[in-house]
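# Inside the fold
One letter stands for each residue in the lines below.
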Amino acid sequence: LPWIMLSDKLRHYDVVGHFHTKKSLSAPAWFGAAWLKETMDSLIDPMPLILKTFENNPEIGIVFPDIPLLFKTKMGLLTLDKSWAIVIQLWKRLGCHKKIELNMLKTLIMPYGTMFWYRPDALKPLMEYGFSLEDFPPEPFPTGGTLAHAIESIVVYLAWDQGYSYRIVVHPEYQMPGFNNTPMIRAMLKQHQIYNSPTWKIGRAVSWLPGKIFRMFCKRKGHKVFW
């Protein structure tokens, strides 16, 4: 919200960078520090090259980092499980013209953490909508399902709706397959589908009570249980 509230001043610039700290009560300090460092390495260190890219390519509306290494190696891709309804609602509220089946997407091309460079004209509907403090939940935020998360998810597609393309910055120190359709990404998406399937959820529910009883029995008998 503070960023959007500055839109009247920011719209006079050719290119704007949006950055902030990365701390959360729901994650350890090292996680935010690592995420922030990778973002800054990707967007601040090569800033002259990024600005030159904007200058030489008027069709580019937004430049953002690749998927953070922590997500690619440990956490998996961000999905719309918690946010797809509010993302679709935001798409309609902003009056976007292009059709896109957001609820059908398994994952999104997006700036993880909402830090990026952009042309103000590319995000004009977002900046001119007139959000208020009441539109956002009080801090601390949950990990998904809020307007802030919807904005994070939609900015690349909003620039596309305004007629702009995008570029992804892959820093040399963090190179690893990201948005590319690699076997690793396909495996991660398949795992996500399995974990969210009705069969898996029913199986977990059915096996929970017997497993709980078995573990209690083993504990009483003095046996070690490894799960």
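Quick notes on the rules
- Along every chain, residues carry numbers that run from 1 in the direction the sequence is written.
- Given that the model is predicted, a residue must reach a pLDDT of at least 70 before its local features are reported, and side-chain atom pairs must reach 80 or more before they are shown or counted; all residues, however, enter totals for whole chains, interfaces and linings.
- No hydrogens and no water enter the side-chain calculation; it runs on all heavy atoms of the structure.
- Every helix listed is a DSSP run of H or I at least four residues long, and every strand listed is a run of E at least two residues long, numbered separately from the N terminus.
- Relative accessibility under 20% of the residue-type maximum defines a buried residue, over 50% an exposed one, and the middle range a partly exposed one, all with a 1.4 Å probe and only protein chains included.
- Between two residues, a contact is recorded if the distance between any of their heavy atoms is within 4.5 Å.
- All accessible-area figures derive from a Shrake-Rupley calculation using a 1.4 Å probe, and residue coverage is judged against the displayed protein chains alone.
- By definition here, a salt bridge exists when the distance from a side-chain nitrogen of Lys or Arg to a carboxyl oxygen of Asp or Glu is within 4 Å.
- Note on aromatic pairs: the rings of Phe, Tyr and Trp (six-membered ring only in Trp) are paired at centre separations within 6.5 Å, and the planes decide the class, stacked below 30 degrees, edge-to-face beyond 60, tilted for the rest.
- Remark: nonpolar core denotes a set of buried residues (Ala, Val, Leu, Ile, Met, Phe, Trp, Tyr, Cys) joined through side-chain atoms within 4.5 Å.

### Considerations on the overall build of the protein
- Summing up its helical and strand segments, the protein has 10 helices and 4 strands in all.
- The N-to-C order of helical and strand elements in the protein reads α-α-β-α-α-β-α-α-β-α-α-β-α-α.
- Per-residue burial over the protein gives 38% buried out of 227 residues.
- Restricting to contacts in the protein with at least 6 residues of sequence separation, those with at least 24 account for 81%.
- Accessible surface, the protein: about 14100 Å² in total, of which carbon and sulfur atoms supply 60%.

### Some remarks on the pattern of salt bridges
- One pass over the structure, following the stated rule, counts 5 salt bridges.
- A salt bridge links Arg-11 to Asp-8; the shortest N-O distance between them is 4.0 Å.
- One salt bridge in this structure joins Asp-135 and Arg-93, with 4.0 Å as the shortest N-O distance. With a gap of 42 residues between them, Asp-135 in the loop between α7 (124-128) and α8 (147-161) and Arg-93 in helix α6 (residues 84-93) connect regions that are remote in the sequence.
- The class for Asp-135 is partly exposed, based on a relative accessible area of 31%.

### A short note on the packing of aromatic side chains
- Counted under the stated rule, the structure contains 8 aromatic pairs.
- Seen in terms of ring centroids, Trp-3 and Tyr-118 are 5.9 Å apart; in terms of plane orientation they differ by 80°. Their pairing is edge-to-face. With Trp-3 in helix α1 (residues 2-5) and Tyr-118 in strand β3 (residues 116-118), this pair connects stretches of sequence that are 115 residues apart. For the pair Trp-3 and Tyr-118, one class covers both residues: buried.
- Following the ring pairs from residue to residue traces out a cluster consisting of Trp-3, Phe-116 and Tyr-118.

### Quick look at the nonpolar core
- Within the largest apolar cluster, 38 residues are counted, with the highest numbers of intra-cluster contacts made by Trp-3, Tyr-118, Leu-126, Phe-131 and Ile-151.
- Those elements giving two or more residues to this core turn out to be α1, α3 (29-43), β2 (60-65), α5 (69-75), α6, β3, α7 and α8.
- Not counting residues within four places of it along the chain, the set of residues in contact with Phe-131 comprises Leu-1, Ile-4, Leu-90, Arg-93, Leu-94, Leu-126, Phe-136 and Leu-147.

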